[in-house]
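# Reading the structure
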Amino acid sequence: MTFLHSTISNFARKTAKFLAVATCAGGLLSASLPAYAGPLTGTYTLSPSQIETGFSVRVLGRGPVTGAFTKVSGKMVLDQKRPEKSRVEVTVDLSSVTTNNNKVTGFLKSSAMFDVAKHPIAKFQSTRVRITGQNTAEVDGVLVMRGKQKRTTLSVTINPNSKGRVAFEVSGAFFRSLYGMDAGLPIYADRVNLNIKGTGRRS
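What you are looking at is a predicted structure, and each value in this text was computed from that prediction instead of being measured. In this numbering scheme, every chain counts its residues from 1 along its sequence in written order. Local features in this predicted model are restricted to residues of pLDDT 70 or higher, and side-chain atom pairs are both shown and tallied only at a pLDDT of 80 or more, whereas totals for entire chains, interfaces and linings draw on every residue. Side-chain figures throughout are based on the complete set of non-hydrogen atoms in the structure, without hydrogens or water.

Definition used for salt bridges: Asp or Glu carboxyl oxygen within 4 Å of a side-chain nitrogen of Lys or Arg. Scanning the entire structure with this criterion turns up four salt bridges. Its salt-bridge partner being Arg 130, residue Glu 138 comes within 2.3 Å of it at the nearest N-O pair. Asp 140 is paired through a salt bridge with Arg 130; the nearest N and O atoms lie 2.4 Å apart. Taken together, the residues span a long stretch of sequence, with Asp 140 in strand β8 (residues 136-145) and Arg 130 in strand β7 (residues 121-131) at a distance of 10 residues. Take Asp 140: its relative accessible area is 14%, and that puts it in the buried class. Note on exposure labels: buried denotes an accessible area under 20% of the residue type's maximum, exposed denotes more than 50%, and partly exposed covers the range between, all computed with a 1.4 Å probe on protein chains only. Under the relative-accessibility criterion, Arg 130 is labelled partly exposed at 27%. The way it works is that DSSP assigns letters per residue, a run of H or I at least four long becomes a helix, a run of E at least two long becomes a strand, and they are numbered from the N terminus.

So, about the pairing of strand β10 (residues 165-175). Where strand β9 (residues 148-160) and β10 come together, seven bridges link them in antiparallel fashion. By the bridge assignment, Pro 160 is partnered in β10 with Val 166. Hairpin connection from β9 to β10: four residues lie between these consecutive antiparallel strands, with Gly 164 at a positive phi of about 80 degrees. We treat two strands as partners when DSSP finds at least two bridges between them.

Quick look at the environment of Asp 93 now. Along the chain, Asp 93 turns up in strand β5 (residues 87-93). According to the relative accessible area criterion, Asp 93 is buried, its value standing at 18%. Sequence separation of Asp 93 and Ile 121 is 28 residues, and the distance between their C-alpha atoms is 4.9 Å. Engagement of the side chain of Asp 93 in a polar contact is seen with the side chain of Ser 95, the distance being 2.5 Å. Here a polar contact is taken to be a pair of N or O atoms separated by no more than 3.5 Å, where protein atoms must pair a possible hydrogen donor with a possible acceptor and residues adjacent in sequence count only if both atoms sit in side chains.

In this section: the nonpolar core. By convention a nonpolar core is built from buried Ala, Val, Leu, Ile, Met, Phe, Trp, Tyr and Cys residues, the set being connected through side-chain atoms within 4.5 Å. Core analysis: the biggest nonpolar cluster contains 39 residues, and Met 76, Phe 114 and Met 145 have the highest contact counts within it. If sequence neighbours within four positions are ignored, Met 76 has contacts with Gly 42, Thr 43, Tyr 44, Leu 46, Arg 87, Val 88, Ile 158, Val 166 and Phe 168. Should any heavy atoms of two residues lie within 4.5 Å, those residues are considered in contact.

Moving on, we come to the pairing of β7. Pairing of β5 with β7 involves five bridges; the strand directions are antiparallel. Paired with Val 90 across the two strands is Phe 124, which belongs to β7. Where β7 folds back on β8, the antiparallel hairpin that results is connected by four residues.

Mapped onto the elements, Pro 48 comes out in the loop between β1 (42-46) and β2 (51-59). Taking the C-alpha atoms as reference, Pro 48 lies 8.7 Å from Gly 74; in sequence the two are 26 residues apart. Residues in contact with Pro 48, not counting those within four places in the same chain, are Thr 70, Lys 71, Val 72 and Ser 73.

This part takes up the packing of aromatic side chains. Only the six-membered ring of Trp is used, alongside the rings of Phe and Tyr, when aromatic pairs are assigned; centres must lie within 6.5 Å, and planes under 30 degrees apart are stacked while those over 60 apart are edge-to-face, with the rest tilted. Counted under the stated rule, the structure contains three aromatic pairs. Measuring from ring centre to ring centre gives 5.9 Å for Phe 174 and Tyr 179, while their planes differ by 90 degrees; the resulting arrangement is edge-to-face. An aromatic cluster is built from Phe 55, Phe 69 and Phe 114, whose rings are joined through pairwise contacts.

Any link to function would need more than the numbers given here.
As structure tokens, then:
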């Protein structure tokens, strides 16, 4: 075997080996891409029957006022590969507010508070999502209520539930005086605490 023939044979063997390794790596890479996108990535519908939205307001000298909104809906778009692309939109029917006291419920619906006759809907739309843990994030957004827009931040925990669904829990607060709801201050606190639990279904 000549030197030239030997060199060409060695080059051919190395090239074939390189191509085999490259093909294998390419297969592994393409197989890993869906996993890298993350099991939570997708668009999820938030329906009223799958959401519990509670709130509480501290009262000076006695227990807090607590209640809930029974008609809350929205959408979550989750992107684990690019979290900054995730977003949340939520709509709250304020006329669905309920407490354990009919007088308090009526007062919350009145013009002094939510004014549901003129402003029946509140909306939250995210502006930025910041990942804070393996399944937690802080969501900055704008809460629109009584015709006013104010920024607020929510803390969110999300976990896979079953196929096509995610469980979530949200905590946060807003200051009612910023929306013109200052009746009862300071006996009834300005800060309204929120706690939301539910399940989103992949669209």
